[in-house]
Amino acid sequence: MTIDWSWIGDHTDDLTSLTISHLQAALTAVFFGVLISLPLAVVAHRVRPLRGFLLGFSNVLFTIPSIAIFVLLLPISGLTRTTTVIGLTVYTLVVLLRNTVEGLDSVPAKTKEAAKAMGTRPLRTLLTVEFPLALPVIMAGVRIATVMSISLVSVATYIGDGGLGQLFTDGFQRNFPTPVIVGVVLTILLAVAADALLVALQYALTPWKRRRA
Amino acid sequence: MIQFDAVHKRFPNGTTAVHDLSLEMPEGGVTVLVGSSGCGKTTTLRMINRMVEPTSGTIRVGGKDVTQQDAAELRRSIGYVIQQSGLFPHRTVLDNIATVPLLLGWGRRKARARAAELLETVGLAADSGKRYPHQLSGGQQQRVGVARALAADPPVLLMDEPFGAVDPVVRTQLQDELLRLQKELSKTIVFVTHDVDEAVRLGDQIAIFRTGGHLVQCAAPTELLARPADDFVADFLGAERGLKLLSLKTLADVPQGPAPEGGAWTLVLDEARKPLHWAGKDAELPVRPLKDTDSLLSALNESVASPNGLIARVDADGVLTGVSSRDDIHEHAGQAHTEARVAA
């Protein structure tokens, strides 16, 4: 298997736009995943009877084969980016929801109690005490969801999207390995870079975790 | 002033935590609630800022029924210190202290300035303000907890076993600090502990609770120690109740005379007439001079340790004023006891 370097040189523009499109799809999905799972996690955390249902439901969603999700969505949103993003978002939910609930669970009761006793109202406690303290566990979920989404985008090639995934079909159809290899390498690089950025973000957001006494 | 009027607390599981409690906690004084675990002392404390709601009866702070006020606003007007400080691990020391001022809408700058001021009040270095709670020792964290409770200058301070998790040496320091602060600030303090010595040291009045949430006796420490209401209270105060009473009496009224010349032991002074040590024929023993404000208990202790039964008395600057004998101290200690038992 040899790499045709000149093909890469001839297609830098395509590769750049595919990479950007790939990343956009993954990040949009994670963004909506976080947006949906935060309030759901708060409900699951506070209302015990709903916890099992919500976590179980997100598990069930996760077991639907990815291609099936896209097929199911076709009648609703067609062959569009929207279909890709919805499909990916559904998959991020299982990780994000579970981690956010666990993050909220990990906040020490003593700290929440102190906030209440100081006269902090529940919403403010949630935003300024519980979320910040749950952040490390939530961020662990965001990292997994991001890497997972980046690798999953390729599946959307079946509905004409799929970012770097298009390189795979292109390579297979023409029995030409270079695009496949380039696609794999770029996907991995994207995932590693995104993960590193999230680690940096978490470091910036949790200054109290840095200097251990 | 805080008033409990026929307050009852029953938890949903059926246990009675507080039984028909009527109690007044005077303004500017320290009321200590003591008792073994499960006696309802913490529940009593927590009903004052509505962390627990009473089942029946009324609780008034400054004449106003607490249940008629917005809970969050009520809590902002009452300082609260808990065991192991309950500090916010994600906020700097300064921001921890500024919590209530920020909730009250003081603005960040003013709240931080106030917090910086309080660092000094509770004896912490200014540069500790930028640190996070986990970078401080247990004793320092507890100081931050006290500073946080004082931040908005509330008239009432609730302290729930605040010094329970620190070692005895630090605990004594923190108790001294609290007494010093209280002299300046005159807050109405409600203090929960299971440590009788702590209660005796800090309390202007002590309320003893028995399992089931019954208040057994509420009195000033001297009265409590001299005249326990029943065997339960006497047992709770412990066999050394007499000595504890002496810890509350000072040396001031014990007569003193000049240091003896000759004799087996001579008190050696430096140029400023400050006691250095006892000198015998062929030995030197240390001396621990006592001030008028020291307790009869420490005087008794020192007289036992002293080679000739004499204690060295000094003024505030450490200059010798005279000596007192073991007999003088003993006699005075006995008198103090009798007085306390006959009084009231």
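Let me sum up the structure you'll find in this document. It should be emphasised that the depicted structure is a prediction, and the values quoted were computed from it without experimental measurement.

Reading the values: the criteria
- Residues numbered from 1 in each chain as written.
- Chains lettered and ligands numbered in written order.
- Predicted model: local features only at pLDDT ≥ 70, side-chain atom pairs only at ≥ 80, totals over all residues.
- Helix = DSSP H or I, 4+ residues; strand = E, 2+ residues; numbered from the N terminus.
- Buried ≥ 20, exposed ≤ 12 C-beta atoms within 10 Å, placed from the backbone.
- Contact = placed C-beta atoms within 7 Å.
- Pairing = 2+ DSSP bridges.
- Axes fitted to C-alpha atoms, helices over the stretch in contact; angles between N-to-C directions.

**Here's the deal with the overall build of chain B**
Then comes step 1: If you tally the helices and strands in chain B, you get 13 helices and 15 strands.
Then comes step 2: With the C-alpha coordinates of chain B rotated into their principal frame, the extents come out at 75 × 50 × 30 Å.
Then comes step 3: Expressed as a percentage of the 344 residues in chain B, the buried residues total 43%.
Then comes step 4: Long-range contacts, defined as pairs at least 24 residues apart, comprise 64% of the intrachain contacts of chain B with a sequence gap of at least 6.

**Considerations on the sheet that holds strand β7 (residues 156-160) of chain B**
Residues and elements named next belong to chain B.
Then comes step 1: The strand order across the open sheet built from 6 strands is β6-β7-β8-β3-β9-β10, with neighbouring strands paired in mixed fashion. Single-partner strands in this sheet number two, and they are β6 (78-82) and β10 (214-219). Within this sheet the neighbouring strands show an average axis-to-axis angle of 15°, counted without direction.
Then comes step 2: Sheet topology places strand β9 (residues 205-210) next to β10; 5 bridges connect them, and they run antiparallel. When the sheet's bridge partners are listed, Arg 210 is paired in β10 with His 214.
Then comes step 3: Packing against the sheet, helix α1 (residues 41-48) makes contact with β3 (30-34), β6, β7, β8 (188-193) and β9, and its axis sits at approximately 150° to β8.

**So, the sheet that holds strand β5 (residues 64-65) of chain B**
Residues and elements named next belong to chain B.
Then comes step 1: Reading across the sheet, the 4 strands line up as β2-β1-β4-β5 and stay open at both edges, with antiparallel pairing between neighbours. In this open sheet, the two edge strands, each paired with only one partner strand, are β2 (16-25) and β5.
Then comes step 2: Sheet analysis places strand β4 (residues 56-61) next to β5, joined by 2 bridges and oriented antiparallel. Residue pairing for β5: Val 61 is matched across the bridge by Lys 64.

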